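Here is how the chains run, residue by residue.
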Amino acid sequence: MNKFLYSLVILMLTFQMNGQTPFAEEIDVNDFAPERVVMPPSPLTLQVLFVGGYDIVQTTDTYNNPAGRAIAKEWHDFIGFTPDRTGKSLGWVSVNHEMIYRDDRIGDGGGMTVFKVERDPVTGLLKVVDQTLEDGREGKYFNVDFVNTVGETGMNCGGISSTFDGRIWTAEEWFRTSNESVYVGSQRSGDGRNAPVLPDNSSRDNTGVRNLSNFVVQTDDFPEWDGMELEKFQNFNYMVEIDPVNAVALRKQYNWGRMGWEGGSILNDNRTVFLGPDNTPGFWMRFVADQPGDFTKGTLSVYKHDHPDYWIELDNSDPEVLLNLQDAAIAAGGTMYNRPEWVAHDPSTNLVYWTETGRDFPASRWADEAAEGAVYDPAHLARAEAQGVSSPGDENYRDTYGRIWVFDPNTNKNTVLLEGGPDWNDPLSPATSNYFDKHLSNPDGLSVMKIDGQSFLVIQEDLNGTSYGRTPAGISNRLCELYLLNLSIENPTIDDLIRITAVPAGAEITGAIVTPDGKSLLINSQHPNSNNPFPWNHSLTFAIHGFDRVKVEDLNQNAALVDNQKKGNLKTAELEAFSVHPNPTTRQIFLNKSSDVAIYDVRGQRVQVARNTNRVDVSGLKAGAYFVQNSEGEMVQLIIQ
Amino acid sequence: MKNRILLIIIVPLAALFLNAHLNDQKEASSMIISQIEIEFEENLDEFKTQIELYARAASNGQPIQEIREIHRQSRLSFKKVEFLLEYLDPAGIKQRINGAPLPKTEPKVADLNIIEPKGLQTLDEILFESPNMYDYKQTQKLLVLLKKDVDYAFQFANKINLTHQMIFEAMRLELIRIFTLGVTGFDTPGSLNALEEAYVALHAVFTVYQKYIPMMKEGSLGSETTYLFNKGLHQLGADVPFGNFDRLEFLMEVINPIYKNILLTQEYLQIEKPNEVRVLPSAISYEATNLFSPNFLNALYYDNLSIDSLMPERTELGEKLFYDPLLSKNLKMSCSTCHDPNQYFTDGLQKSISSIDGQTLIRNAPTLINAVYAEKYFYDLREEIFEKQIKHVVTSHKEFDTDYVEIMDKLSDHKEYNELFNNAYPGMGISSHSIANSIAHYVAGLVSFDSPFDRFVLGKSEHLSDDAKTGFNLFMGKAACGTCHFAPTFSGLVPPLYQESESEVLGIPSSKANTAIDSDPGRVASGKPLDEAPFYVHSFKTTTVRNIEFTGPYMHNGVYDTLEEVMDFYNKGGGLGLGLDVEYQTLSGDPLDLSEEEINQLIAFMKSLSDPSISEKY
């Protein structure tokens, strides 16, 4: 009996208890003649293309300063890519600056920088090429002239990079409600009170927009707007088309209305545009051009899931409607979302994907609008019910992690593709020890790319906070990840996300877009707050090369386990000797069975410990020889190349 | 923490059967974790039940004395779980359960959304605002929310598999928290029930620590640490009034030695440290053994500089640039114009001079000593990246009045600079980055934790005047200075994570006449949309008290010339206490009732924070 209980207890301890294998700080590596596993270098390599606050842009005559040079702005966000149809180069890269900064030569507010790249046929690297523009500017990097064309822009966050022909729009997220708030330092507030403005002899004259005089619209595209005198702040918050070849802005898209736009996407018909405004409530918006390619004329609608037609047209011939588009969307009873962000579509299926980044407690932001007739999406209603609160307008309603949606233009149905999380309030969610690799929080940037002929969604997080499991226990810095998701997976789960570690530590990554040849992913890294060596401590645009060499199976989460499962060998795998399977692409090692593991360097010093896991991220380890030890004391030598 | 119920049965059973049989370290190690997890869950459960009782009592409108008693019990039950709960979700706890009773703006959203304060600290303030009444409607409202939030936290905490590494790091953070936020009264703004709460919090850490003692077979570390814990509990439990508690003794005899011994225990048990489980650096250097060690904070976390063999060359170049007026358009102004090493890197002026004749800048020049230890820089907290501070000076029309391109062109004309830049930044030479980065290297090195007070706390010196000792106790207690000027930087860098810089609304007047508030809008005009809230009007960064003796005049506008004037301002309750209209003052408007002697003792303490060697060192 004693023996029986004893073995029961051992069994319980082994399988139920939170095992904690102690690992010696130092081992004698000569005691082992272990199995040796080699992790080849990643097929993915990095190249820096454009460093904010460092590279020099060519400027136009601006604010009475002659054309010249200036240090580029920072806070890189969206990237647009315009293929070179002539084939002489790869194309033009357009980079958003999501900031408000006063600059005598570049112009105030946010802005954009454009440059042209070609691929070296031998090395495969990209080269930023010298250009001479129509206006005579010569150099590598060019400031997009907004000041002398359509007026300053602010907080250029997302945008549209048309997969049809590479036309580029930048989105102005910086929603402003008064001229004082454009000048900065005086802002609407909860109680409507204005704060004092800094005196003119301020030492701080590097923010805001200097020219607050009324903006007179001059346009042939929108007759209703031509000659209109806008208060300066009303000339912000549009989608703005630019010409990346000549580095000038073409038009503020007044006919799409004024909202805190974040992202958009143009379908294969080159007529239909879907748009995401970053707001709570944010509406799912659509513009359909009368003629393909002419986006100056067409219809503007707001999505309403519970209407037989799904889309309610808003009068976009009336500037008053367009200047107050949010009010029109509410009055139309549109379907409300919690901060729609980027929009991307898969040209091979024409399905539209978009991110709803979420905010922790949205109630106060959309309860009034619900009372005025706007409606909640059924997904939010169902979430509220599951949380035991009366509606998404209940002050206890939580929407911490956000989600990714898929919209089918044929059926007009919006469906949740992938819910953020896991939500640790859900009884079914796993223990958080697994969160580091597998937690999707506040998806933001989004695009579609083909790898090995298969469409993948490229997902970039932009964490709203670090609470509620968005970062693992013990980490209070924001940690934003880049994920790939294979779009052939039906009903994907968080577990299907593939984490790409080839990004600078601590950076917020955004703007990911694939080059037309499918070889490189261009990415922006915003203000990485760590001790990365220059230039990885700056806002920068970089390329991850080598996606043409990646096969779908290279991105498998655990090839060895999957393989064993296929063969029906799972049980054997649990019992067999400890083995380690490196994935050079994702820089992880997979263990054939879950365990605590310690990694020792070549001198036998413990350098990394992970617990209760079957995968370890080793992207932080330099090339060299290591020893991986599991709970049973079994050892494998790992050579990282 | 799965199968909790089974474990509750199994573990004691297992203990019974296994004691004789198992010496295996692994089993013992797992057993400790399971015991800690079970007790944590029990304590969480108690906290949850207590909050439910509290919410019910409030909704029944029970009399104030009863509510206060339930509040006290609820906070004590929180203190039992605080160190693990805070470790697991610091942001969530701060946001909803026990954050400072101040409004915040919601981060990462395009619109301005004000989040009203909630949680136990806010309740603590509400319940003790006046002697015989409280805002019961607000209390009820907050408790409805708190009940939900505690439920939520309970779910979360139960999902996490604790590790020894987490537990040890959490214990050490709690010691910092007890000293900086607990016994100072920061955490109990209304009730000031700080010592009893600190007792419970320290006891909770002790309870967990004790579980490890059987694993330490040799040596006296376990028993020594037990003695220290008991000593601390004795000091806290001695029923001393809040104002009389000897915080210096507690720091030196309890907090620092335990902080050190927990690390030694972790090393003895060969438990992995934070750098083995995560890549990103922490603000605290885990290896430091004393809150006042020069290496307690990790400068590299703040300065964002890359570790490189060329750091000396970069620092040397930065020093040369720091003193070179070539950087300014009029060739008259350098960094040292306002940050003079002979004046502790200030200029001694009320407001710094402008490059425009006859004008001044709008603010006083703060010292650069220890400036690196901050989340955000400038009085209005407008810059988040250390090395980018210089850009503000470069482009300001009142300061260098130029841009990097002009500076680069000027430097390129000097052979010496070309060489220095090429040596320090091979392959790059003169660039906006190398200019800013080298100056940042120099300024990041302007650090000092070597004042007479530091030396005394570290045991390097026996000498500290009685006035300074009493002054420290006042600073960290009755005078409530330490609840904004947090130890050990004595600035607004918030413990125990030291990742956030605070600003405060004090109601600073425009002149010594104390008749009108200074018109400078402060943080609200930082240019950051998140700061555009009414409660950031006249809000300024909480600067360091270190070397304060030599860095006058004081306040963002240099309005006061002497520390006596400054202390008088605080003693009266800041702007509100002076009768000025300060809508969102974060400093209590009530007088501190400090006697002249106490003020002198406070000043004696502050003067003990001066490092006299600074002018020789730099």
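Residues numbered from 1 in each chain as written. Chains lettered and ligands numbered in written order. Predicted model: local features only at pLDDT ≥ 70, side-chain atom pairs only at ≥ 80, totals over all residues. Heavy atoms only, no water.

Undergrad: Any chance you could explain unusual backbone geometry here in plain terms?
TA: P488(B) follows A487(B) through a cis peptide bond whose omega is 0°. Examined against the element boundaries, P488(B) turns out to sit in the loop between α20 (466–475) and β3 (503–505). Residues other than glycine seldom take positive phi values, yet D452(A) does so here, at roughly 55°. The backbone of L192(B) shows a phi angle near 55°, a positive value even though the residue is not glycine. With respect to the secondary-structure elements, L192(B) resides in the loop between α7 (164–182) and α8 (194–210). (Helix = DSSP H or I, 4+ residues; strand = E, 2+ residues; numbered from the N terminus.)

Undergrad: How should helix α16 (residues 404–412) of chain B be read in this particular structure?
TA: All of the buried residues in α16(B) are Y404(B), V405(B), I407(B), M408(B) and L411(B). Projected down its long axis, α16(B) carries its buried residues within an arc of 160°, all on one side. Residues of α16(B) that are buried make contact with β3 (56–59) and β4 (68–71) of chain A together with α13 (311–322), α15 (389–395), α17 (415–424) and α18 (432–444) of chain B. The N-capping residue of α16(B), defined by a side-chain oxygen 3.1 Å from the backbone nitrogen of V405(B), is D403(B). (Buried < 20%, exposed > 50% of the residue type's maximum accessible area, 1.4 Å probe, protein only. Arc of directions from axis to C-beta. Contact = heavy atoms within 4.5 Å. Polar contact = N/O pair within 3.5 Å; in protein donor to acceptor, adjacent residues only side chain to side chain.)

Undergrad: Can you help me understand the sheet that holds strand β12 (residues 156–161) of chain A in this one?
TA: The pairing of strands in a sheet happens through backbone hydrogen bonds and is either parallel or antiparallel. All names here are of chain A. In spatial order, the strands read β12-β13-β16-β17; together these 4 strands make up an open sheet with antiparallel pairing. In this open sheet, the two strands that pair with only one neighbour each are β12 and β17 (248–252). Neighbour-to-neighbour, the strand axes of the sheet open up by a mean angle of 35°, direction not taken into account. (Pairing = 2+ DSSP bridges. Axes fitted to C-alpha atoms, helices over the stretch in contact; angles between N-to-C directions.)

Undergrad: Where do I start with the side chain of D103(A) in this structure?
TA: Residue and element names in this part refer to chain A. Along the polypeptide, D103 turns up in the loop between β6 (91–97) and β7 (111–119). For the buried D103, no salt bridge is present, and the opposite-charge side chain at shortest range is K73, 5.8 Å distant. Residues contacting D103, with those up to four places away along its chain left out, are Y63, A70, K73, D108 and R210. (Lys, Arg positive; Asp, Glu negative; His and termini not counted. Salt bridge = Lys/Arg side-chain N within 4 Å of Asp/Glu carboxyl O.)

Undergrad: How do you make sense of the pairing of strand β25 (residues 340–345) of chain A when you look at a structure like this?
TA: Regular strands place their side chains on alternate faces of the sheet. Residues and elements named next belong to chain A. Counting buried positions over the 6 residues of β25 gives 6, a clear majority of the element. One ladder, built from 4 bridges, connects β25 with strand β26 (residues 352–356); its direction is antiparallel. Residue pairing across strands places A344 opposite Y353, the latter belonging to β26.

Undergrad: Is there a simple way to explain the pattern of salt bridges in this structure?
TA: Across all of its chains, the model carries 72 salt bridges over all chains by this definition. Two residues, E241(A) and R167(A), come together in a salt bridge whose shortest N-O distance is 2.8 Å. Taken together, the residues E241(A) in strand β16 (residues 239–243) and R167(A) in the loop between β12 and β13 (168–172) connect sequence positions 74 residues apart. Take E241(A): its relative accessible area is 3%, and that puts it in the buried class. Here D561(B) makes a salt bridge to K512(B), at a shortest N to O gap of 2.4 Å. Pair noted here: D561(B) is in the loop between β4 (539–541) and α21 (563–571) and K512(B) is in the loop between β3 and β4, with a separation of 49 residues, a long-range link. A single network of salt bridges, built from pairs that share partners, joins E356(A), R383(A), D399(A), R403(A) and E419(A).

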